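# Descriptive structure summary
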Amino acid sequence: MNPLEELLRRVPALLMARRNLSRNRIRSGLAILGIIIGVLAIASLGMFGTTLRTGADQQLGDIGNEISISPNLQEGVEELTDRDVDEIRRAVSDGSVVPIRSDSVLVSRGDQQTVTTIYGMENPGAIYEASDGRVPDRLRQGALVGSGTAELLDIEPGNTIAVDGRTYRVSAVLAEQQGISLVNPNSAVVLPMEDVNGTGYSQVVVSAESGQAANESAVSIREELNEREERVTVFELQSITSGIDQFFGILNTFLIGIGSISLVVAGVSILNVMLMSTIERRQEIGVLRAVGVQRGDIIRMILAEAGLLGTAGGVVGALVALAAGVALNSFVLNDPMATFQPINFFYVALAVGFGIATSILSGLYPAWKAANERPVEALRN
């Protein structure tokens, strides 16, 4: 005997409920279909929101771990000094500090040329990686070329380029930056710090190990540099990711609310099925009441029917939702396993639970009506 048959044998109300539902398979099937659609709507819309959030996080990358320190132009501070950089380094306990100078100049290779941004950095390896060649920890000579500039001028590591009339050998082509970046290298050239005009720095980028470390560094930098006057402006990219997470949280709630409407409609369908079933079985219920079956037993039997409809629809709906999630993540993220996140299982469980609860609630009135039917009146009809 399989576990389902054993359960039905031990709980007579479930056994009777299954037999009663099998009397009109089409009507029961349509009620189950309504629950399937409702559960599928809630679970799949919740997982859709998770997929959107994951995709956005992938596009943003690790920007939550970075902060940017710029001179406060409103207070008349036009550039950051070596002293400012030293104070920033003292304030940052966990992370890399990258001071930057920038300018726009003419870059050429042979007959091809373009005006692009150049960045002066001592340690570009702290924030950049190479797609071809190697990014040195300390850039003392040569140049690093962004992917867009390299493609435009057909540059490879080992080539020579002219930057504002000075010749440099290309050490590496930088990896394309897909997400948001404080200092986007795609259409730029990175040179040694001393080769970029100026004595100060246009900004300082701090790359921390985690978002929490970045936040702690930002607080320390504000306390250290802005104690007497507002010398610097500190921008935390974690604020972008926090805002995006809040937005997608609201979006998920909205989507689940829309999906819940389907289950409400399915609940009305189950209410109709239960009412029709009790009307058709009025004499049968009257006989049960006449031979001593208690009101509670009648209520349990009707609610068991509604619960079976909800459970069947919920299980099937959950399986279909997971399959839809796998297909969605395969297409959008190219990662079907992204479906199996804890938050997605929460949405599936929420949908199934809501489906079963809706079914049982829809069976309350028919169960009460059947249990309170006077046996004499029921048998007369």
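Residues numbered from 1 in each chain as written. Predicted model: local features only at pLDDT ≥ 70, side-chain atom pairs only at ≥ 80, totals over all residues. Heavy atoms only, no water.

## Looking at the overall build of the chain
Quick note on the threshold: Counting from the N terminus, the helices are DSSP H or I runs at least four residues long and the strands are E runs at least two residues long. Only protein chains enter the accessibility calculation, which uses a 1.4 Å probe; a residue whose area is less than 20% of its type maximum is buried, one above 50% is exposed, and one in between is partly exposed. Contacts are assigned to residue pairs that have any heavy atoms within 4.5 Å of one another.
A count of helices and strands for the chain gives 11 helices and 10 strands. Out of the 381 residues belonging to the chain, those deemed buried represent 44%. Put simply, 78% of the contacts in the chain that link residues at least 6 apart link residues at least 24 apart.

## A word on the pairing of strand β1 (residues 66–71)
Selection criterion: Any two strands are treated as partners once DSSP identifies two or more bridges connecting them.
Most of β1 sits inside the fold, with five of its six residues counted as buried. Direction of pairing for β1 relative to strand β9 (residues 203–208): antiparallel, over a ladder of four bridges. Counted as the bridge partner of glutamate 66 is serine 207 from β9.

## Here's the deal with the nonpolar core
Selection criterion: Nonpolar cores are built from buried Ala, Val, Leu, Ile, Met, Phe, Trp, Tyr and Cys residues. Side-chain atoms within 4.5 Å join them into one set.
Among the nonpolar cores identified, the biggest contains 29 residues, and Ile270, Met274, Ile298, Ile302 and Leu309 are the most heavily contacted of them. Looking at this core, the elements with two or more residues in it are α3 (25–60), α7 (238–280), α9 (295–332) and α10 (342–371). A per-element tally of this core places α9 first, with eight residues. The next biggest cluster of nonpolar side chains, apart from the first, holds 20 residues, and it includes Ile69, Val85, Ile88 and Ala91.

## Examining α9
Keep this limit in mind: For a helix, the expected span equals 1.5 Å multiplied by the residue count minus one.
When the terminal C-alpha atoms of α9 are compared, their 54 Å separation across 38 residues agrees well with the 56 Å that a helix rising 1.5 Å per residue should span. Taken from the residues just after α9, asparagine 334 is the one with a positive phi, measuring 60°.

## Some details on the confidence of the model for the chain
Applied cut-off: Each residue carries a pLDDT score, the predictor's confidence in it, ranging from 0 to 100.
The predicted model of the chain has a mean per-residue pLDDT of 81, with 87% of residues at 70 or higher. The weakest mean pLDDT in the chain belongs to helix α1 (residues 3–10) at 50; the strongest belongs to strand β5 (residues 143–145) at 94.

## Description of unusual backbone geometry
At aspartate 164, a position not held by glycine, the phi torsion is positive, near 55°. Mapped onto the elements of the fold, aspartate 164 is located in the loop between β6 (160–163) and β7 (166–174). The phi dihedral of asparagine 334 is positive, around 60°, even though this residue is not glycine. By the element assignment, asparagine 334 lies in the loop between α9 and α10.

## Points about a nonpolar patch on the surface
Heads up, the rule is: Patches here: salt-bridge-free residues with over 30% relative accessible area, like charges joined within 9 Å, nonpolar side chains (Val, Leu, Ile, Met, Phe, Trp, Tyr) joined within 5 Å. Method for areas: the Shrake-Rupley scheme with a 1.4 Å probe, in which residue coverage is limited to the protein chains shown. Any carboxyl oxygen of Asp or Glu within 4 Å of a side-chain nitrogen of Lys or Arg constitutes a salt bridge here.
Together, Ile26, Leu30, Leu33 and Ile37 line one region of the surface with nonpolar side chains, adding up to about 410 Å² of accessible area. Mapping isoleucine 37 onto the fold places it in helix α3. A residue is classified by how much of its surface remains accessible, and isoleucine 37, at 46% relative accessible area, is partly exposed.

## Some thoughts on the packing of aromatic side chains
This is how the line gets drawn: Two aromatic rings from Phe, Tyr or Trp, using only the six-membered ring of Trp, form a pair when their centres are within 6.5 Å; if the ring planes differ by under 30 degrees the pair is stacked, by over 60 it is edge-to-face, and anything between is tilted.
For the coordinates displayed, the defined rule picks out three aromatic pairs. Here phenylalanine 346 and tyrosine 347 contribute two aromatic rings whose centre-to-centre distance is 5.8 Å and whose plane-to-plane angle is 55°, an arrangement assigned as tilted.

## Notes on the environment of arginine 134
The topology assignment puts arginine 134 in the loop between β4 (130–133) and β5. We classify arginine 134 as exposed; its relative accessible area is 58%. In the structure, arginine 134 is positioned 40 residues away from leucine 174 in sequence and 8.7 Å away in space, judged by C-alpha atoms. The residues contacting arginine 134, other than those within four sequence positions of it, are Leu144, Ser171 and Ala172.

## Details of α10
The cut-off we apply is this: Axes are fitted to the seven residues ending at a residue and to the seven starting at it; the angle between these axes is taken as the bend at that residue.
With 30 residues, α10 should cover 44 Å at 1.5 Å per step; its first-to-last C-alpha distance of 42 Å lies within 8% of that length. At leucine 364, α10 shows its largest kink, close to 30°, and the proline proline 366 lies no more than four residues downstream.

## Thoughts on the environment of glycine 76
In this structure, glycine 76 sits in the loop between β1 and α4 (82–91). Relative accessible area serves as the criterion here: at 56%, glycine 76 is assigned to the exposed category. Measuring from C-alpha to C-alpha, the distance between glycine 76 and arginine 231 comes to 8.5 Å, with 155 residues separating the pair along the chain.

## A few points about the pattern of salt bridges
For the structure shown, the criterion picks out five salt bridges. Glutamate 87 is paired through a salt bridge with arginine 83; the nearest N and O atoms lie 3.6 Å apart. Highlighted residues: glutamate 87 and arginine 83, both in helix α4, separated by four residues, approximately one helical turn. Take glutamate 87: its relative accessible area is 12%, and that puts it in the buried class. Judged by its relative accessible area of 60%, arginine 83 is exposed. The closest approach of N and O atoms between arginine 138 and glutamate 122, which form a salt bridge, is 3.8 Å. In this pair, arginine 138 is assigned in the loop between β4 and β5 and glutamate 122 in the loop between β3 (112–121) and β4, connecting sequence segments 16 residues apart. Judged by its relative accessible area of 46%, arginine 138 falls in the partly exposed class.

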